[in-house]
Amino acid sequence: MGIEFRTLQFDNVLRYETRQKEEDWLKPFSKMEDFILTQGIYKNGPIFFSVTSNQEDSATDHFIYYLPINGPVQLLEETDFSYQDSFRLEKALFLRQTDGEMDVTVASNKLKSYADSNEIELGNSYYFVLHEVYDDYIIDLFWPTKELGDKE
Amino acid sequence: MIAENHQIAYRNVASKYYTFLPEEINIAIQDFDAILSEHGYHSVGKMFFSILSNPTAEVMTAELFIPIEENDFTIQTEEEVNFSSYFLIDRMIMTRITDDFDAQSQVTFWELLTYIEEREMSRKTPIFVEFKESNSGQTYVEMSVGVQ
């Protein structure tokens, strides 16, 4: 599977936004999974998240996590989560990393150098979808180009 | 036999809610298939559904799922079709029905629920039914449910 353009889309997602250190990226997963158990809904897709690097503060990055759910949900105001009826990332540059390498910067650097050599200008945020396979991970990276941007 | 750690995973899945008489499920499947082809989408030839109504109810409410070849999906809101680039339900318990689906399905439905109760698990999704075909062409059904 080579590098190509692909669309990433889901109806009904739960959204959680945070600022954290890059190495803490896995932490919100269980927090989100625990939360939906109390809401009468169920997860029907892999958790995915966007990363936006902060130029001024390099110690932390801005992360938005999305958990696909089976239908709309009404949340109480005081939660950290919000509901979004649809998510769509149109024609993003796509790369699948299958070697179990959990350092996500390997995948993003690879896509960046592909974009550079093909004169594609990438946006500021990129998205990771993680698939757990035999206790290992396959990483799908989606990186929207600058002109299309994030139209969610 | 009931197996644990089952999962349902497909890419590019379109889904739609239907209400029908259980014996007329094929009409619903054909209707959904027609909507997708009218809009230029192509089924990969697989299909599954979740049962949202009580299993003894005369009229069945279900969400039908059809994986398609295309990864970019847009349709008018009136068609009420949902789409997921990645559909995944994990941590399921599953059992197979190899013949006489109509007669066996209710029995199997209760088998799954009893299994959950006996092992003090809790049910986290509706019951899913997936039509499958072995390499030699034998068709069978997998009935599964997500547990915690």
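### Let's talk about the interface of chain A and chain B
If you look at the interface, chain A gives 23 residues, while chain B gives 23 residues. Interface area, chain A with chain B, both sides summed: about 1,800 Å², of which 42% is carbon and sulfur. Its largest share of buried area at the contact with chain B, chain A owes to Gln-9, Tyr-42 and Asn-44 of chain A, together 32% of the area lost on that side. Note that Asp-72 of chain B is salt-bridged to Lys-91 of chain A, the shortest N-O span being 4.0 Å. Counting every contact that joins chain A to chain B gives nine residue pairs in polar contact (both at pLDDT 80 or more). A class-by-class count of the residues in the side of chain A that touches chain B yields eight nonpolar, seven polar and eight charged.

### Description of the pairing of strand β5 (residues 125–133) of chain A
Residues and elements named next belong to chain A. Inspection of the sheet shows strand β2 (residues 48–53) paired to β5 by five bridges, in the antiparallel sense. Paired with Thr-52 across the two strands is Ser-125, which belongs to β5. By the bridge criterion, seven bridges tie β5 to strand β6 (residues 136–143) in an arrangement that is antiparallel. Its bridge partner being in β6, His-131 is matched across the sheet by Ile-138. The turn joining β5 and β6, which pair antiparallel and follow one another in sequence, is formed by two residues; a positive phi near 45° is taken by Tyr-134.

### Examining helix α1 (residues 25–38) of chain B
All names here are of chain B. Helix length check: α1, at 14 residues, gives a terminal C-alpha distance of 20 Å against a target of 20 Å (1.5 Å per residue), a fit within 8%. Those residues of α1 lying buried are Ile-25, Ala-28, Ile-29, Phe-32, Ile-35 and Leu-36. Buried residues of α1 fall within an arc of 125° about the axis and therefore sit on the same side. Opposite the buried face of α1, at more than 90 degrees from it, the exposed residues are Ile-27, Gln-30 and Glu-38. Tucked inside the fold, the buried residues of α1 contact β1 (3–20), β2 (48–51), β3 (60–67) and β5 (123–133). Just past α1, the residue Gly-40 takes up positive phi, approximately 85°.

### Digging into empty space enclosed by the protein
Under the counting rule described, the total for this entry stands at three cavities of 30 Å³ or more. As a volume, the largest cavity reaches approximately 100 Å³. If you trace the largest cavity, you find 13 residues lining it, with Asn-44 of chain A together with Ser-15, Glu-63, Asn-82 and Ser-84 of chain B closest to the centre. Residue assignment for the lining of the largest cavity shows that the elements contributing at least two residues are β1 (4–20) of chain A together with β1, β3 and β4 (82–97) of chain B. Among the elements that line the lining of the largest cavity, the one with the most residues is β4 of chain B, at four residues. Looking at the lining of the largest cavity, its residues break down into five nonpolar, six polar and two charged. Approximately 50 Å³ is the volume found for the second largest cavity. Lining the second largest cavity are Glu-22, Trp-25, Phe-49, Val-51, Phe-63, Val-104, Thr-105, Tyr-126 and Phe-128 of chain A. Taken together, the elements giving at least two residues each to the lining of the second largest cavity come down to β2, α2 (104–117) and β5 of chain A. The class makeup of the residues in the lining of the second largest cavity is seven nonpolar, one polar and one charged.

Cut-offs and rules
- Residues numbered from 1 in each chain as written.
- Chains lettered and ligands numbered in written order.
- Predicted model: local features only at pLDDT ≥ 70, side-chain atom pairs only at ≥ 80, totals over all residues.
- Heavy atoms only, no water.
- Contact = heavy atoms within 4.5 Å.
- Buried area = accessible area lost by both parts, 1.4 Å probe.
- Salt bridge = Lys/Arg side-chain N within 4 Å of Asp/Glu carboxyl O.
- Polar contact = N/O pair within 3.5 Å; in protein donor to acceptor, adjacent residues only side chain to side chain.
- Nonpolar A, V, L, I, M, F, W, Y, C, P; charged D, E, K, R; others polar.
- Pairing = 2+ DSSP bridges.
- Helix = DSSP H or I, 4+ residues; strand = E, 2+ residues; numbered from the N terminus.
- Expected span 1.5 Å × (residues − 1).
- Buried < 20%, exposed > 50% of the residue type's maximum accessible area, 1.4 Å probe, protein only.
- Arc of directions from axis to C-beta.
- 1 Å grid on protein atoms, 1.4 Å probe; cavity = no way out; pocket = protein on both sides within 12 Å on 5 of 7 lines; lining within 4 Å.
- Points joined across faces, edges and corners; volume = space filled by probe spheres on them.

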